[in-house]
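Next come the chains, spelled out residue by residue.
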Amino acid sequence: MIPKYNDEDLLALSGIQHFAYCPRQWALIHIEKQWSENLRTVEGRQLHERVDNPDFFEARGGILTTRSVPLSSYVLGFYGVADVVEFYAIEEKGVTLNGREGQWCPLPVEYKRGRPKKDIIDEVQLCAQAVCLEEMLCTTIEHGYLFYGETKHRTKVMFCEELRQQVLKFSEQMHSLFDKQITPKASATNKNCKSCSLVGICLPKVGTKQANVNGYIKKYLGQEKS
Ligand code: SF4
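Only a predicted model underlies this, so the values are computations on that prediction, with no experimental measurement involved. (Residues numbered from 1 in each chain as written. Predicted model: local features only at pLDDT ≥ 70, side-chain atom pairs only at ≥ 80, totals over all residues. Heavy atoms only, no water.)

Novice: Explain the overall build of the protein chain to me, and be specific about the residues and the numbers.
Specialist: Scanning the protein chain from N- to C-terminus turns up seven helices and eight strands. Classification of the 226 residues of the protein chain by burial places 41% in the buried group. By sequence separation, contacts in the protein chain at least 24 residues apart represent 59% of the contacts at least 6 residues apart. (Helix = DSSP H or I, 4+ residues; strand = E, 2+ residues; numbered from the N terminus. Buried < 20%, exposed > 50% of the residue type's maximum accessible area, 1.4 Å probe, protein only. Contact = heavy atoms within 4.5 Å.)

Structure below.
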């Protein structure tokens, strides 16, 4: 794919998980710089802090493990950090590494709180990391792993064409909104609102058919009993 972004255009790769969850949440965090923590975000951050170690390197059983690996892609227009990248010794069509003989296949591993989900939010983030590694290392990566803190198991994620196209589509939408500095409106039917860490900032029911602004102000100024 043809690179179409420059250094100054790059957006945080981690934002794609917010965008996949809700484009408005992504815009509130990455355009408007709003952030609010809840139990989920604190647990997620603590899990990442446990694996965040840029000096970590381990070689065991034909696998090289590195942590906190810097990433970038000028095709997606993203920069970020992979929790873990594992390099597996392979016979051919791999990448070469300084100070190591042979060919190596890089696989991204992302740590997540909780357990595997029904949506593709975690998959698109992992796939975006793989696209970065492919671009940086001039290789092709067929799969990666999501490690879930609650189940303490890895889930294998195949980077199929459909998932890659979804990542590309999200990245284009993110850049378009960011360039125009547009925060999408809340959707009254978004099922993610009830567990969203930004619900208190977003106020998704205000301005929708579910509640008008006057009703909201009266309620929260105590002029109307809830
Ligand atoms: S409260 Fe709902 S609409 Fe608002 S950012 Fe969160 S998920 Fe999106």
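Novice: Let's hear about the nonpolar core: which residues, and what values?
Specialist: In terms of nonpolar packing, the biggest core is built from 44 residues, with Ile16, Trp26, Phe78 and Phe159 touching the most fellow members. For this core, the secondary-structure elements that each account for two or more residues are α1 (15–21), α2 (23–30), β3 (63–73), β4 (78–90), β6 (100–112), α4 (121–137), β7 (143–148) and α5 (161–180). Per-element accounting of this core gives the leading share, eight residues, to α4. Sequence-distant contacts of phenylalanine 159, defined by excluding residues within four places in its chain, comprise Pro108, Leu126, Cys127, Ala130, Ile141, Glu142, His143, Gly144 and Arg164. Among the nonpolar cores identified, the runner-up in size contains eight residues, and Cys22, Leu28, Ile121 and Cys202 belong to it. (Core = buried A, V, L, I, M, F, W, Y, C linked by side-chain atoms within 4.5 Å.)

Novice: Tell me about the pairing of β7, and name the residues and values.
Specialist: For β7, the tally of buried residues reaches six of six residues, placing the bulk of the element in the interior. The alternating pattern of β7 places His143, Tyr145 and Phe147 on one face and Gly144, Leu146 and Tyr148 on the opposite face, and all of these are buried. Bridge analysis of β6 against β7 gives four bridges, and the strand direction is parallel. Paired with tyrosine 111 across the bridge in β7 is phenylalanine 147. For the crossover that starts at β6, traverses α4 and ends in the parallel β7, the hand is right-handed. Looking at chain direction, β7 and strand β8 (residues 153–158) are connected through six bridges and run antiparallel. (Pairing = 2+ DSSP bridges. Right-handed = clockwise from strand over helix to strand, strands pointing away.)

Novice: Give a description of the site of the ligand that names residues and reports values.
Specialist: Around the ligand, the neighbouring residues are Cys22, Gln25, Ala186, Asn190, Cys193, Cys196, Val199, Cys202 and Pro204. Tallied by class, residues from the shell around the ligand come to seven nonpolar, two polar and no charged. (Near = heavy atom within 4 Å. Nonpolar A, V, L, I, M, F, W, Y, C, P; charged D, E, K, R; others polar.)

Novice: Go over the confidence of the model for the protein chain with me, naming the residues and quoting the values.
Specialist: The share of residues in the protein chain with pLDDT of 70 or more is 83%, and the mean pLDDT across the chain is 87. The least confident element of the protein chain is helix α7 (residues 213–220), whose mean pLDDT is 54; the most confident is α5, at 98. Within the model, the stretch residues 210–214 combines pLDDT values under 50 with six contacts to residues more than four positions away or in other chains. (pLDDT = per-residue confidence, 0-100.)

Novice: Break down the packing of aromatic side chains for me, citing the residues and quoting the values.
Specialist: Within this structure, the stated rule accounts for three aromatic pairs. Pairing phenylalanine 19 with phenylalanine 170 gives two aromatic rings, centres 5.5 Å apart and planes at 70°, and the pair type is edge-to-face. In this pair, phenylalanine 19 is assigned in helix α1 and phenylalanine 170 in helix α5, connecting sequence segments 151 residues apart. For the pair shown, phenylalanine 19 and phenylalanine 170 are each scored as buried. Both rings, one in tyrosine 111 and one in phenylalanine 147, keep their centres 4.9 Å apart while their planes meet at 40°; by these two values the pair is tilted. Here phenylalanine 147 lies in strand β7 and tyrosine 111 lies in strand β6, a separation of 36 residues in the sequence. What makes tyrosine 111 buried here is its relative accessible area of 16%. Each residue in the set Phe19, Trp26 and Phe170 is aromatic and connected to the rest through ring pairs, giving one cluster. (Phe/Tyr/Trp six-rings, centres within 6.5 Å; stacked < 30°, edge-to-face > 60°.)

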